[in-house]
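Single-letter residue listing:
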Amino acid sequence: VEAMLELIKHDTSSVYTDMFSLLRYVDKSAISVRLCCCDEVLSKVNDQPTWISTYVNSANILVTGWQHTLCQLFIKEPKSFPCANNHRDTVPQQNDDSAGSLDCPGSLVSTASHNDRSSGVDSLDFVSVHLSEFEVSRQEVSDLSDTVMCTSEGGCTVGPVSVPSDEILGCYLQSLSELIYTVMWNRVTGCDTNAWKERYEVFACLAAISETNELWFPLPTIVLKILEKCLDELRKSTRDIYYNQLLLSENALALTKLIHRMAVVSNGQCLSAELLDHLMILYDNLYVWETDGHATEWPTMSTIGIHLLLLAIQSRDLDLCSDAAVHLHTLVQTRRFTSKEEACFVLDSLNRSLMRSLDGTKPTDMYSFLNPVMKAVLEKCVDLLGLEQTLIDLPSLSRNPHFYDHLQVYCRTAEWLDWMSGTVGTVARKFRLSNIEILLSEVDGKLKTCEESAMLAAHRRDRAHGENKLKFQGQIVASYSARCKNENVRYFGMHTALSNQQQCYSRQWNMWKRSLTAERAPWADRNGKQCYWKLSDTENFMRMRPKLTENYQFDVHREASCRRDSPGMELLTVDGVPNLHLSAAARGVPVDDDNVSTDTDVTETTSSSQSDSSLKEKLVLSESCHHILFGEVVPGRLELTTLNLYFFADVPDKDEAGGSDFQWPLHHLRELHLRRYNLRRTALEFFLIDQTNYFINFNKKIRNRVYSALVNLRLPNLYYKSSRSPDEMLQVSGLTQKWVNREITNFEYLMQLNTIAGRTYNDLSQYPVFPWVIGDYTSDSLDWDDPNMYRDLSRPMGVVNPENIAVVKERYDSSLDPSGEIDQFHYGTHYSNAPGVMHYLIRVEPFTTLHIQLQSGVFDYADRQFHSIPSSWQQTMTNPNDVKELIPEFFYLPEFLRNENDFDLGRLQTGERIDDVVLPPWAKSPEDFIYNNRKALESEHVSAHLNEWIDLIFGHKQRGTAAVDAYNVFFYCSYEGAVNLDAIEDERYRQSLEGMIKNFGQTPCQLLTKPHPKRLTPGEVRDKQIQTRNIFMSIEDGLAPFFVQAAGDSRALAFVDIPRNQFRPFLQQGKPDYLLTVSESGQLGCHSWLPYSKTESSSFWFENDPTLNNVRTQRHTGHHFTPDTPIGSRLFVASHDASLLFSGGHWDNSIRVMNLNKGKTISSIIRHTDIVTCVDIDYAGMFIISGSRDTTAIIWQIMYQGSSAAGLANKPFHVLCGHNDELMCVSISTELDMAVSSAKDGTCIIHTVRKGQYVRSIRPAATLHNSIIHIPLVKVSDEGHLVMYCHQHDYIHSLDKHTLAVYSCNGKTLSVREIDSPIADLQIYRENLITGSANGLLVIHELVSLTRLVELDLRVQITSLSVAPTVSHILVALCDGKIIIVSPKNIPRQTPNDLNSSDK
């Protein structure tokens, strides 16, 4: 039973013969097993309706007798007869070819008179069935002393029979009756004789089984349950106007006849109030009661309906009696009797019930039900039966308030009794014989035929079962081994799937729990709990990972601390250089041989058959691979289809925050890079448009095959897919020239060099490498103009201190290997390796856990840990073996310098406890250190010498003679092409070498073979008139404002923007972009804009929208803005391709989407319950976020058709809650997974975009007494900085205070500055903050410190700000309908060629 149940549960190919075979074997099992099996079979039946129809109508001998298979599941145990053998002998036996039947002792067969039927029976003698044909064969199952029972896990076990609870019995009756009903009614189709023969056999089998077995439920209860379901289904069919009316009529007539007979033979036990209700509704829907003169449309059903109501009235169940009385009373009042005989039949039946209710001294409750019915019948029969002449003393029927009492007396008089027994009784008996008995006899005959068919079906089934059993036994030995093997594979696969499923459910449950108990959730823990954090893998477009995410599986690692502090504990240390001598075959492989550009497996040919993304999803390839994470390699399988890419891990999920499996649409793929892993070119790195990335390792041939398949799909957003080598990639990218011309920052350039050279966050052995830039960690302040304050970038870290040169040179000379197998080297360690990354990031998970794993389960000794920046710098100056460079986190992540998770990192030999990293004197906080370190990196001194450090790490001094001269040679195993791991035959030796490479470090790919060019100074840029068009780099030259008229009605502008990604076909290159404006009245302007001028007099070209000059051609975003909502820039946002404009503030609480090309509103989406007060769009153009007065924010996904935005998804992506008051502003950063909202309640809440989870709340402190604080504006920068404009109002003294505040994405306050006037709008570009005030003051601030860089007094109220996509101009919308365009002074003339050559 267990095996068959598991087969049905998990094998979609299982046939219904298997299912019904299972049901045959569980009739002696526990109720829980039967219930489980019935549920599974019922589920399969409902899933495949046509299949079961084929099953029950099949001529296959194995599928006959399904009625008996299902009905025998009601058996509890066999009945015990005093003389079982003698009783058996009295029953004549029949062979397989006979189909007769005999009358059972005490049963009423179809030839008996229906007037003599027994009235109080527990089992219904529906038909006379040959008992021996339905005896259960006990040899087919195990002994009755043990039975199979379901376990709580859904499986089965063997144990003693237990008494089931009433709840389980109720579920079992419901499930089994539902299964029988489904098969006999929904799967046996039609209304002909054969269909009803199949159905009647069910009741024949029930009657036969009840004769010899004790059932779990009374037989009338079972029959009633089945009939109720059939009648309910038929009732529902009457509402279907497309249902076959002929089929409906025939089935209704046949079913009512069957119900009628069952009710008669059970003396009303097969009737219930629910059944009567369904029956009356069916009659009403079929218009059975409607009459035309004295003829009815449904004479037979009408008679049956009246008789059933009269039978129900006779029931001792008061609820059933009262329900039937109500139905009959209504029927009598609305319908005339069709004949005198019918009226007498009703009167006779009612009189019997009436007299029974008056047997005692006081009338029973039944009398109160019957009295109004009898009165209504008598009123209908006054003329029909001549009551005025016959019943002289009959109480008055009209307006007689005492009829209730009078009838009690009158019905006992001789006049009433004589009339009822004489005239009425005679006519009623005649009506019963001519109508009721004929109907019952008709059904008896059909049941007799079904009895014979059931017997023959059982015989044929049993015989076929015996034959098949013999065949099965003959084949089982040969197939046993193969089946066991397959079963084991299936079991382990299922076990893994169930484990992953359990992990998934656990994650989902915990996610919902956290969402309901978070700080701002409805069930928040008011006592608060300590949150622990880990580094998030989300990164921005500069490849920074500044965000921390909550660590739901936090471990304080006390055991690792205790083991470290225990005496005698040996720790993992690596001293010196491993003695690795390689064979000639494994000594190295030329780098050129790994150049995939010459690999014939990698092609960039396209296939039109594969490029059609509109086709249905089809599998393209499926390959084994490994997903490379921080410190984990997850084996799995990558599947590529025409629409999506999937990864399925082969190991159960360990991280509760998210599983190892992932999936994403192919149109999200932005970049595809060929990578190396363990110095082998076998990996791919995927970059998506939301800035997530994945590092997947393959076999080399498989890697190239996957790459070719992705390229051949011609994905719309995959703009970088070159198979060039890294040095060629750098040449064609133009990054070096942009850096030389100061168009990108030093940080951006270094990160791009790391990316092109194969450095990635996903592989710790290839982590991005950055230089030490500051050389002074002892002074109280930094002098940015002092060259001695900086590190010497022309030398590697090992010889930055000139005193170390002699030691390094001596090591190089002494490392000469006479055999020539090991090259000479200056350093036995590396400047970038996995232990070094963990060393710096030990205070941040998951690097804490990785560090402990590297150290064999303990923390490293305290004195060897990263505890002080000045000490680390001093260590590199005094120890030539310590050559570690920095990691990117030193320039953007202050959290790695704090021990926020309170790890026990030990104590130094001085007794001092290690906690937060000790900072240099010039840094007041970790944020201050990061700020100054980043400032030093972007300083003029570092800009002038950074090319020298690039030559050491990525350039011509990385290898060869130049590297030797620069003291820059490392151990040979760290260089690409130095080791051919595939040529090493010894598996253990190869694994040890791979481990050494992984932990020792890998030198980046060489990108330059010539000296790197120097960066131009700002003066050289001006002298050469190299146009950067970056207004923020030209602040020192001064800014010049120009104004243009943009609003046709001269009303205040509410919104101005230039969408940054306006696509132009090749033949339309140079065509002006759209400059969008919206006035306070909703007037839309689509002006023409170019960031260069066609003349020498201006730095831009602007042409007003001609439609604004004509009232008929003017376009509006809508005339239905709510009056009490200020119309401002927060209510509008445009898609990046200038196709759509999204707007809020409408009276109907909607977000409206306007097609800018057509000038029409294409959709209006209402999901908020109050006015939408603010909207924003993310940098990638994938989502917008809306805020409302209903205190919620909603994230919407933007739908695309091809490469153009087409609208919003109708269903919200996430609904974000937590505020207590109206939302004032929202901001979204998909790449950093941040959705930020601010409200009038003075809070700013951060949620995640991908999962909609609450992260944290930020509450700016109020500095005025008795004041309330609002946050009208909030913005998220590329690096995750949150800029808030806060307004405080002292409602007692009528004082106002305005402040600007900057917070990190992790909730730390970076700076706060008070300002003079309210801010109307603000924008962020990189490290610059632009604000526009209500008093007309335009200010550019330094973002982190809020230092004012430049101010422009425009003298007119500012309403909206925007930065041009080319970063060459700032657009300022004014309240007088004009636009101020701010650009650098003395800007040279620009051309389209200049523009294209310098764009990123």
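Predicted model, so just to flag it, every value in this text is computed and none were measured.

Criteria and thresholds
Residues numbered from 1 in each chain as written. Predicted model: local features only at pLDDT ≥ 70, side-chain atom pairs only at ≥ 80, totals over all residues. Heavy atoms only, no water. Helix = DSSP H or I, 4+ residues; strand = E, 2+ residues; numbered from the N terminus. Buried < 20%, exposed > 50% of the residue type's maximum accessible area, 1.4 Å probe, protein only. Contact = heavy atoms within 4.5 Å. Areas by Shrake-Rupley, 256 points an atom, 1.4 Å probe, with all protein chains shown as cover. pLDDT = per-residue confidence, 0-100. Arc of directions from axis to C-beta. Pairing = 2+ DSSP bridges. Axes fitted to C-alpha atoms, helices over the stretch in contact; angles between N-to-C directions. Polar contact = N/O pair within 3.5 Å; in protein donor to acceptor, adjacent residues only side chain to side chain. Phe/Tyr/Trp six-rings, centres within 6.5 Å; stacked < 30°, edge-to-face > 60°. Lys NZ or Arg CZ within 6 Å of the ring centre and 35° of its normal. Salt bridge = Lys/Arg side-chain N within 4 Å of Asp/Glu carboxyl O. Core = buried A, V, L, I, M, F, W, Y, C linked by side-chain atoms within 4.5 Å. Patch = residues over 30% accessible without salt bridge, like charges linked within 9 Å, V, L, I, M, F, W, Y side chains within 5 Å. Left-handed = near helix turned anticlockwise from the far one by under 90°. Nonpolar A, V, L, I, M, F, W, Y, C, P; charged D, E, K, R; others polar.

### Things to note about the overall build of the protein chain
- Each helix and strand counted, the protein chain has 34 helices and 45 strands in total.
- With 1400 residues in all, the protein chain has 56% of them scored as buried.
- When contacts within the protein chain are restricted to residue pairs at least 6 apart in sequence, long-range pairs at least 24 apart make up 64% of them.
- Accessible surface computed for the protein chain: about 60,900 Å², of which carbon and sulfur atoms make up 50%.

### Some thoughts on the confidence of the model for the protein chain
- Here the protein chain shows a mean pLDDT of 79. Residues at 70 or above account for 82%.
- Low pLDDT, under 50, characterises residues 292-297; the predicted model gives this stretch nine contacts beyond four residues in sequence or across chains.
- Taken as a whole, residues 569-581 scores under 50 in pLDDT and shows 29 contacts with residues more than four places along the chain or in a different chain.

### As for the environment of Gly1001
- Inspection of the secondary structure assignment puts Gly1001 in the loop between helix 32 (987-1000) and helix 33 (1018-1023).
- When the C-alpha positions of Gly1001 and Gln766 are compared, they lie 7.1 Å apart, and in sequence the two are 235 residues distant.
- Non-local contacts of Gly1001, meaning those with residues more than four positions away in its chain, are made with Ser765, His830, Ser832, Asn833, Ser974 and Met996.

### What to know about helix 22 (residues 726-733)
- All of the buried residues along helix 22 are Pro726, Met729 and Leu730. The buried residues of helix 22 occupy an angular sector of 100° when the element is viewed end-on, so they sit on one face. Opposite the buried face of helix 22, at more than 90 degrees from it, the exposed residues are Gln731 and Val732.
- On its buried face, helix 22 sits against strand 13 (669-677), strand 14 (680-688), helix 23 (735-740) and helix 24 (746-756).
- Phi turns positive, to about 75°, at Gly734, one or two residues after helix 22.

### Quick look at the sheet that holds strand 39 (residues 1319-1325)
- Taken in spatial order, the four strands of this open sheet run 39-40-41-42, and their pairing is antiparallel. Of all strands in the sheet, those with a lone pairing partner are strand 39 and strand 42 (1348-1353), marking the two edges. This sheet shows a mean twist of 15° between the axes of neighbouring strands, independent of strand direction.
- Note that strand 41 (residues 1337-1342) and strand 42 share five bridges and pair antiparallel.

### As for the side chain of Asn1306
- Positionally, Asn1306 belongs in the loop between strand 37 (1295-1303) and strand 38 (1309-1315).
- Asn1306 gets classed as buried once you look at its relative accessible area, which sits at 7%.
- In terms of polar contacts, Asn1306 uses its side chain to reach the side chain of Glu895, at 3.1 Å.
- When neighbours within four sequence positions are excluded, Asn1306 is seen to be in contact with Pro546, Lys547, Leu548, Glu895 and Arg1256.

### Observations regarding the pairing of strand 37
- Where burial is concerned, most of strand 37 is hidden: seven out of the nine residues are buried.
- Bridge count between strand 36 (residues 1282-1290) and strand 37: nine bridges; the pairing is antiparallel. Bridge assignment links Cys1286 to a residue of strand 37, and that residue is Thr1299.
- Between the antiparallel neighbours strand 36 and strand 37 lie four residues, among them Ser1294 with a positive phi of about 55°.
- The sheet contact formed by strand 37 and strand 38 spans six bridges and is antiparallel. If you follow His1298 over to strand 38, its bridge partner there is Ile1315.
- Taken together, strand 37 and the strand that follows it, strand 38, pair antiparallel across an intervening segment of five residues, in which Gly1307 is found at a positive phi of about 90°.

### Focus on unusual backbone geometry
- Of the consecutive residues Glu845 and Pro846, the connecting peptide bond is found in the cis state with omega at 5°.
- Mapped onto the elements, Pro846 comes out in the loop between helix 26 (834-840) and helix 27 (847-854).
- A positive phi is found at Gln691, a non-glycine position, where the angle reads about 75°.
- Structurally, Gln691 can be placed in the loop between strand 14 and strand 15 (693-697).

### Description of the packing of aromatic side chains
- Under the criterion given, the structure shown has 41 aromatic pairs.
- Ring geometry for Tyr840 versus Phe890: centroids 5.0 Å apart, planes at 85°, classification edge-to-face. One end of the pair, Tyr840, is in helix 26; the other, Phe890, is in the loop between helix 28 (869-878) and helix 29 (926-937), and 50 residues separate them in sequence. The same class applies to Tyr840 and to Phe890, which are both buried.
- Members of the aromatic cluster, each reached through a chain of ring pairs, are Trp772, Tyr777, Tyr840, Phe866, Trp873, Phe890, Phe896, Trp922 and Phe929.
- When the ring centre of Phe747 is taken as origin, the NZ or CZ atom of Arg934, which lies over that ring, is 4.9 Å away.

### Remarks on the pattern of salt bridges
- Enumeration over the complete set of coordinates arrives at 34 salt bridges.
- Ionic pairing is found between Asp1241 and Arg520, a salt bridge with its closest N-O pair at 3.3 Å. Of the two residues, Asp1241 sits in the loop between strand 32 (1234-1239) and strand 33 (1244-1247) while Arg520 sits in the loop between helix 18 (414-517) and strand 7 (533-535), which places them 721 residues apart along the sequence.
- The exposure class assigned to Asp1241 is partly exposed, which follows from its relative accessible area of 23%.

### With respect to the side chain of Thr1077
- Note that Thr1077 resides in strand 18 (residues 1073-1079).
- When its relative accessible area of 1% is taken as the criterion, Thr1077 is described as buried.

### What about the nonpolar core?
- The biggest cluster of nonpolar side chains holds 131 residues, and the ones touching the most others in it are Phe929 and Leu1282.
- If we skip the residues at most four places from it in the chain, Phe929 touches Tyr777, Ile869, Phe890, Leu897, Leu919, Pro920, Trp922 and Ala923.

### Some thoughts on the environment of His329
- Following the sequence through the fold, His329 ends up in helix 13 (residues 318-334).
- For the pair His329 and Phe369, spaced 40 residues apart in the sequence, the C-alpha separation amounts to 9.5 Å.
- In this structure, His329 is in contact with Pro372, Val373 and Ala376, ignoring residues within four places of it in sequence.

### As for the sheet that holds strand 44 (residues 1370-1374)
- As summarised here, the arrangement of the four strands in space is 16-45-44-43, forming an open sheet in which the pairing is antiparallel. Only two strands of the sheet have a single neighbouring strand rather than two, namely strand 16 (1039-1045) and strand 43 (1358-1363). Adjacent strand axes in the sheet meet at a mean angle of 25°, parallel and antiparallel pairs treated alike.
- In this sheet, strand 44 lies alongside strand 43 in antiparallel orientation, the contact comprising five bridges. Paired with Ser1362 across the two strands is Leu1371, which belongs to strand 44.

### Concerning a nonpolar patch on the surface
- A cluster of nonpolar side chains, Ile1268, Tyr1291 and Ile1292, forms an exposed patch at the surface whose accessible area comes to about 320 Å².
- Mapped onto the fold, Tyr1291 is located in the loop between strand 36 and strand 37.
- When its relative accessible area of 52% is taken as the criterion, Tyr1291 is described as exposed.

### Some details on the pairing of strand 31 (residues 1223-1229)
- Within strand 31, seven of the seven residues are buried, leaving the element largely enclosed by the surrounding structure.
- As defined by bridge partners, strand 31 adjoins strand 32 across six bridges and the pair is classed as antiparallel. From the neighbouring strand, Ser1227 faces strand 32, where its bridge partner is Val1236.
- The loop that links strand 31 with its antiparallel partner strand 32 comprises four residues; one of these, Asp1233, has a positive phi angle of about 60°.

### Looking at the packing of helix 12 (residues 299-313) against helix 13
- Running from N to C, helix 12 and helix 13 point in directions that differ by 140°, and their axes come no closer than 8 Å. Here the hand of the crossing between helix 12 and helix 13 comes out left-handed. Side by side, helix 12 and helix 13 meet where Ile306, Leu309, Leu310, Ala312 and Ile313 of the first sit next to Leu320, Cys321, Ala324, Ala325, His327, Leu328 and Leu331 of the second.
- Among the residues forming the contact of helix 12 with helix 13, the class breakdown is 11 nonpolar, one polar and no charged.

### Structural notes on helix 19 (residues 558-565)
- The complete set of buried residues in helix 19 reads Ala560, Ser561 and Arg564. Down the axis, helix 19 shows its buried residues gathered within 100° of arc, on one side only. Opposite its buried face, helix 19 presents the exposed residues Arg558, Glu559 and Cys562, each directed more than 90 degrees away.
- Buried residues in helix 19 make contact with helix 27.

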